[in-house]
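Topology and contacts: notes
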Amino acid sequence: MKYSKQRELVLKTLQQNMVHPTADYVYELLKKELPSLSLATVYRNLNQLAENGMIRKIEGLDGAIHFDHNLEKHYHFICTKCNKVYDVPYDVAPDLADKVSAQTGLIIENYDISFKGICPECHKKEFH
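The shown structure was predicted, so the numbers you read here are calculated from the model rather than taken from an experiment.

**Here's the deal with the side chain of D68**
For D68, the location among the structural elements is in strand β2 (residues 66-68). Separated by 3.1 Å, the side chains of D68 and H76 make a polar contact. If we ignore the near neighbours within four places in the chain, the residues touching D68 are L14, H20, I55, R56, I58, H74, H76 and D87.

**Quick word on the pattern of salt bridges**
By the definition in use, this model includes five salt bridges. Between K31 and E28 there is a salt bridge, and its shortest N-O distance comes to 3.6 Å. Taken together, the positions of K31 and E28, both in helix α2 (residues 23-33) and three residues apart, correspond to about one turn of that helix. Relative accessible area serves as the criterion here: at 34%, K31 is assigned to the partly exposed category.

**Side note on the sheet that holds strand β5 (residues 114-117)**
Pairing in this open sheet of three strands is mixed, and the strands run β4-β3-β5 from one edge to the other. Sheet topology places β4 (85-89) and β5 at the edges, where each strand pairs with a single neighbour. Going from strand to strand, the sheet's axes swing by 30° on average, the running direction of each strand aside. Here strand β3 (residues 74-79) runs beside β4; their pairing, made up of five bridges, is antiparallel. In the strand pairing of β4, I78 is matched with V85.

Reading guide: rules and limits
- Residues numbered from 1 in each chain as written.
- Predicted model: local features only at pLDDT ≥ 70, side-chain atom pairs only at ≥ 80, totals over all residues.
- Heavy atoms only, no water.
- Helix = DSSP H or I, 4+ residues; strand = E, 2+ residues; numbered from the N terminus.
- Polar contact = N/O pair within 3.5 Å; in protein donor to acceptor, adjacent residues only side chain to side chain.
- Contact = heavy atoms within 4.5 Å.
- Salt bridge = Lys/Arg side-chain N within 4 Å of Asp/Glu carboxyl O.
- Buried < 20%, exposed > 50% of the residue type's maximum accessible area, 1.4 Å probe, protein only.
- Pairing = 2+ DSSP bridges.
- Axes fitted to C-alpha atoms, helices over the stretch in contact; angles between N-to-C directions.

Take a look at the structure:
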């Protein structure tokens, strides 16, 4: 993949925003720095980064496509109140995919597991 200043900025923005942002979110952050940047350019660069294995494309969290710079195995938690996406460490259930395969005979090639509920911040707001 050829070097691109815009792609470098997109990746840097993704790495600095641990919220598993959407392309729209990345665009909103970057257009302050690069007013001539288009949303299509952000989408194209995020997709190229994902295709080249530099980031992960996450679908099915909340209806939007999110992007994750964390390439380590992990799960996700989505707050149903604020829609924030949190990483859940893989070692919480490291053999989950193996257990599913063993019990069902399904051959798992890839997975993205998400939990949904209320994050501590929203829980505190709701009950205090």
